[in-house]
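Read off the chains here:
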Amino acid sequence: MGLLVAVGYLFFGHHVMRLVQLVREPFLLAFSTASSEAAYPKMMEQLEKFPISKKIISFVLPMGYSFNLDGSMMYCTFAVMFIAQAYNIQLALGQQITMLLLLMLTSKGMAGVPRASLVVIAATLASFNLPESGLLLIIGIDQFLDMGRSATNVIGNSLATAVVAKWEGEKLPATVAPEPLVTQHAA
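Residues numbered from 1 in each chain as written. Predicted model: local features only at pLDDT ≥ 70, side-chain atom pairs only at ≥ 80, totals over all residues. Heavy atoms only, no water.

A. Inspection of helix α4 (residues 40-48) at higher detail. Buried within α4 are the following residues: Met43, Gln46 and Leu47. Around the axis of α4, the buried residues are gathered within 100 degrees of arc, so they sit on the same side. Its buried side turned inward, α4 meets α2 (16-22), α3 (24-33), α5 (54-67) and α10 (142-167). (Buried < 20%, exposed > 50% of the residue type's maximum accessible area, 1.4 Å probe, protein only. Helix = DSSP H or I, 4+ residues; strand = E, 2+ residues; numbered from the N terminus. Arc of directions from axis to C-beta. Contact = heavy atoms within 4.5 Å.)

Dropping the structure here:
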């Protein structure tokens, strides 16, 4: 996640921290529910405050949920590599690159399906003649890993939406004033 924020810094400078602050609630929602889809409505609302137009958000964000699953792809790659290492199976660099490309394709569209990563990992294991029984090594902690995957997907999709907005010439904040605090006075 830190790497995604660092890349966002290249595009937005210190304003990336404002974006991260705005998507904090959708981030926590995705983390706690292990579903980035649960955070979708709140994320749309928060991205408008950055400000990004509804036109850009309504086009880019659904595409991101379908095709920009950074956390899911990274997890699947790391899980397959972990299983290969646990069984002391060496994979050549060419096999690792092929696996990465395969997982980039097969991880698409799994954001809305809980535990879909296990199916993708099982298929990848079979494709590279790795033992499918290796899934037993990660199945017990998959819920916790799913929480991190979902949260990473939220950060990646919010940054992608903001980058597209910048490319489309939307005026992003030069200086962002803090939101006013709402205080209630006793009568």
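B. Layout of helix α1 (residues 2-12). Taken together, the buried positions of α1 are Val5, Gly8 and Phe12. Angularly, the buried residues of α1 cover 55 degrees about the axis, an arc narrow enough to put them on a single face. What points out from α1, more than 90 degrees from its buried face, is the exposed set Leu3 and Leu10. Residues of α1 that are buried sit in contact with α2 and α10.

C. Main features of the environment of serine 58. Looking at the element boundaries, serine 58 is found in helix α5. Among the residues examined, serine 58 registers a relative accessible area of 43% and is labelled partly exposed. For the pair serine 58 and methionine 44, spaced 14 residues apart in sequence, the C-alpha to C-alpha distance is 8.0 Å. A distance of 3.2 Å separates a polar side-chain atom of serine 58 from the backbone oxygen of lysine 55. (Polar contact = N/O pair within 3.5 Å; in protein donor to acceptor, adjacent residues only side chain to side chain.)

D. Region of interest: the packing of α1 against α10. Taken N-terminus to C-terminus, the directions of α1 and α10 make an angle of 15 degrees; their axes are 10 Å apart at the nearest point. One finds that α1 runs roughly parallel with respect to α10. Crossing of α1 over α10 shows left-handed handedness. Contacts between α1 and α10 involve Leu4, Val5, Gly8, Phe11 and Phe12 from the first element and Thr152, Ile155, Gly156, Leu159, Ala162, Val163, Lys166 and Trp167 from the second. For the contact of α1 with α10, the class distribution of residues is nine nonpolar, three polar and one charged. (Axes fitted to C-alpha atoms, helices over the stretch in contact; angles between N-to-C directions. Parallel < 35°, antiparallel > 145°, perpendicular 65-115°, else oblique. Left-handed = near helix turned anticlockwise from the far one by under 90°. Nonpolar A, V, L, I, M, F, W, Y, C, P; charged D, E, K, R; others polar.)

E. Region of the structure containing the packing of α4 against α5. Contact geometry of α4 with α5 gives a least axis separation of 10 Å together with a crossing angle of 140 degrees. Classified by the interaxial angle, the pair formed by α4 and α5 is oblique. Classified by chirality, the crossing of α5 by α4 is right-handed. Each of Tyr40, Met43, Met44, Leu47 and Glu48 in α4 lies in contact with α5, whose residues at this interface are Lys54, Ile57, Leu61, Pro62 and Tyr65. Residues that form the contact of α4 with α5 fall into these classes: eight nonpolar, no polar and two charged.

F. Structural view of the nonpolar core. Ranked by internal contacts, the top residues of the largest apolar core, which has 25 residues, are Leu19, Met43, Leu47, Ile52 and Val154. Of all the secondary-structure elements, those providing two or more residues to this core are α1, α2, α3, α4, α5 and α10. Counting residues in each nonpolar core, the second largest holds 18 residues, with Ala84, Leu118, Leu125 and Phe128 among its members. (Core = buried A, V, L, I, M, F, W, Y, C linked by side-chain atoms within 4.5 Å.)

G. Inspection of unusual backbone geometry at higher detail. Omega for the bond connecting phenylalanine 50 with proline 51 falls within 30 degrees of zero, at 10 degrees, which places this linkage in the cis form. Of note, proline 51 is situated in the loop between α4 and α5. The backbone of asparagine 88 sits at a positive phi, close to 55 degrees, despite the residue not being glycine. In this fold, asparagine 88 is placed in the loop between α6 (70-86) and α7 (93-106). Overall, the relative accessible area of 62% leaves asparagine 88 in the exposed class. The phi dihedral of asparagine 129 is positive, around 55 degrees, even though this residue is not glycine. Inspection of the secondary structure puts asparagine 129 in the loop between α8 (116-127) and α9 (135-138).

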